[in-house]
Amino acid sequence: MASIRDLKQDINFVIGDIIDAALIQQDTNPDADVAATEAIVDDSIVVFDELIAKVNDKSVENRKAHLKSVRQDLETKGGELIERINKL
């Protein structure tokens with residue numbers, strides 16, 4: 001199923017870009033709070049693990065609706081992480 005593969009790639013790319021942005025922000029602002037950046041990276045990894053686990057869950061009744069909700073979760077949680085980076 002190409003849509004599942006695409007969804008996994010989207011999760012990987014979005015979370016990877018968020019982690020990259022957090023680390024770039026940390027490198028460009030060495031006097032900024034390192035703990036806040038590390039917390040964002042840690043939370044990003046947790047979100048990644050949660051989303052991949054949801055994608056791999058085959059026990060749901062309506063798989064299409066489930067994957068759509070996973071994509072929506074990616075958008076909302078990714079947006080929240082980006083907002084946290086912007087506040088640094």
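Refer to the structure presented above.
Residues numbered from 1 in each chain as written. Predicted model: local features only at pLDDT ≥ 70, side-chain atom pairs only at ≥ 80, totals over all residues. Heavy atoms only, no water.

Caption draft 1: Structural context of the nonpolar core. Core analysis: the biggest nonpolar cluster contains 18 residues, and Leu 7, Ile 11, Ile 15, Leu 51, Val 55, Val 70 and Leu 81 have the highest contact counts within it. Elements with a minimum of two residues in this core: α1 (2-28), α2 (34-56) and α3 (63-87). The element best represented in this core is α1, accounting for 7 residues. Here Val 70 is in contact with Leu 7, Ile 11, Leu 51, Lys 54 and Val 55, once residues within four sequence places are set aside. (Core = buried A, V, L, I, M, F, W, Y, C linked by side-chain atoms within 4.5 Å. Buried < 20%, exposed > 50% of the residue type's maximum accessible area, 1.4 Å probe, protein only. Helix = DSSP H or I, 4+ residues; strand = E, 2+ residues; numbered from the N terminus. Contact = heavy atoms within 4.5 Å.)

Caption draft 2: Fine view of the side chain of Gln 25. Relative to the assigned elements, Gln 25 resides in helix α1. Apart from residues lying up to four places away in sequence, Gln 25 is in contact with Ala 32, Thr 37 and Leu 88.

Caption draft 3: Structural context of α3. Between its first and last C-alpha, α3 extends 36 Å over 25 residues, near the 36 Å set by a 1.5 Å rise per residue. Taken together, the buried positions of α3 are His 66, Leu 67, Val 70, Leu 74, Gly 78, Leu 81 and Ile 85. (Expected span 1.5 Å × (residues − 1).)

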